Amino acid sequence: MTNEEQISDLSLRLLGRAYDQLDGGEQRVVRAIAERQPTSRDVDDDDGMQGSFGDRLADRVAAVGGSWGFIIAFGIVLFGWMLINSKLFEKLGLTFDPYPFIFLNLMLSTLAAIQAPVIMMSQNRQAAKDRLTEQLDYEVNLRAELEIMRLHEKLDQMRFHDLSEKVAGLCDRLDRKD
């Protein structure tokens, strides 16, 4: 039996459909079973998930921007900015953005305008990675289910063979008694 015939036979026997009627994931699973190859793989090792420099930068910005360290440090900077530009330092002539902190508002708006799309890029990339992980989990689960079905078939064949031998032996003994 050729490899293609074996794949077609497995497809019909295990999934009840012809190989060309299966979706891509099911075809990969049936082919992996026929070729005795592993089905699972690491999403992080996938070439498409490594990403460009911009993708990796977006991931880092999202990781830093969504941390308590960033929030605390940002709060300290804002408090320091307001303190330096308060009435207390105005007498010393050190203020550069007096109340109502218009320059600070401009900086915060600029930061938000840049940071939000970068974080969304990172989230989109993570969603794509999650979809791939979900697909791979499905393929591994399908593979496990099909392998269990194959084991059940083998056990049923062994039990049938053993019962056939026992029945044949019993028939031989009964024939000898007659």
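Predicted, not measured: the structure shown is a model, and the values here were computed from it.

Chemist: Give me the nonpolar core: which residues, what numbers.
Modeler: I7, L10, L14, Y19, L22, V29, V30, I33, A34, L142 and L146 form the largest nonpolar core, which has 11 residues in total. Looking at this core element by element, the count peaks at four residues for helix α2 (residues 24-35). A34 has contacts with N3, Q6, I7 and L10, leaving out every residue within four places of it along the chain.

Chemist: Tell me about the pattern of salt bridges, and name the residues and values.
Modeler: Under the criterion given, the structure shown has 10 salt bridges. For E147, the salt bridge is made with R143, and the minimal N-O distance between the two is 3.0 Å. Of this pair, E147 and R143 are both found in helix α7 (residues 102-177), four residues apart, which corresponds to roughly one turn of the helix. A relative accessible area of 15% places R143 in the buried class. The network of salt bridges with shared partners includes E4, R31 and E35.

Chemist: Report on a nonpolar patch on the surface, specifying residues and quantitative values.
Modeler: Residues I84, F96, F103, L106 and M107 make up a contiguous nonpolar surface patch of about 480 Å² in total accessible area. Top element by residues in the nonpolar patch is α7. It accounts for three residues. Position of I84 relative to the elements: it lies in helix α5 (residues 68-84).

Chemist: Give me the lowdown on the packing of aromatic side chains, citing residues and values where you can.
Modeler: Inspection of every chain in the model, using the stated rule, returns four aromatic pairs. Aromatic pair W81 and F96: ring centres 5.1 Å apart, planes at 75°, arrangement edge-to-face. Separated by 15 residues along the polypeptide, W81 in helix α5 and F96 in the loop between α6 (87-90) and α7 bring together distant segments of the chain. Between W81 and F103, the aromatic rings sit 5.8 Å apart at their centres with planes inclined by 25°, giving stacked as the arrangement. With a gap of 22 residues between them, W81 in helix α5 and F103 in helix α7 connect regions that are remote in the sequence. Accessibility expressed as a relative area gives 39% for F103, which makes it partly exposed. Connected via pairs of aromatic rings, a cluster forms that spans W81, F96 and F103.

Chemist: A description of the confidence of the model for the chain should follow, citing residues and the corresponding values.
Modeler: Counting all residues, the mean pLDDT for the chain is 87, and 96% of those residues have values of 70 or more. Confidence scores differ between elements of the chain, with helix α3 (residues 47-50) showing the lowest mean pLDDT of 60 and α5 the highest of 92.

Criteria and thresholds
- Residues numbered from 1 in each chain as written.
- Predicted model: local features only at pLDDT ≥ 70, side-chain atom pairs only at ≥ 80, totals over all residues.
- Heavy atoms only, no water.
- Core = buried A, V, L, I, M, F, W, Y, C linked by side-chain atoms within 4.5 Å.
- Buried < 20%, exposed > 50% of the residue type's maximum accessible area, 1.4 Å probe, protein only.
- Helix = DSSP H or I, 4+ residues; strand = E, 2+ residues; numbered from the N terminus.
- Contact = heavy atoms within 4.5 Å.
- Salt bridge = Lys/Arg side-chain N within 4 Å of Asp/Glu carboxyl O.
- Patch = residues over 30% accessible without salt bridge, like charges linked within 9 Å, V, L, I, M, F, W, Y side chains within 5 Å.
- Areas by Shrake-Rupley, 256 points an atom, 1.4 Å probe, with all protein chains shown as cover.
- Phe/Tyr/Trp six-rings, centres within 6.5 Å; stacked < 30°, edge-to-face > 60°.
- pLDDT = per-residue confidence, 0-100.

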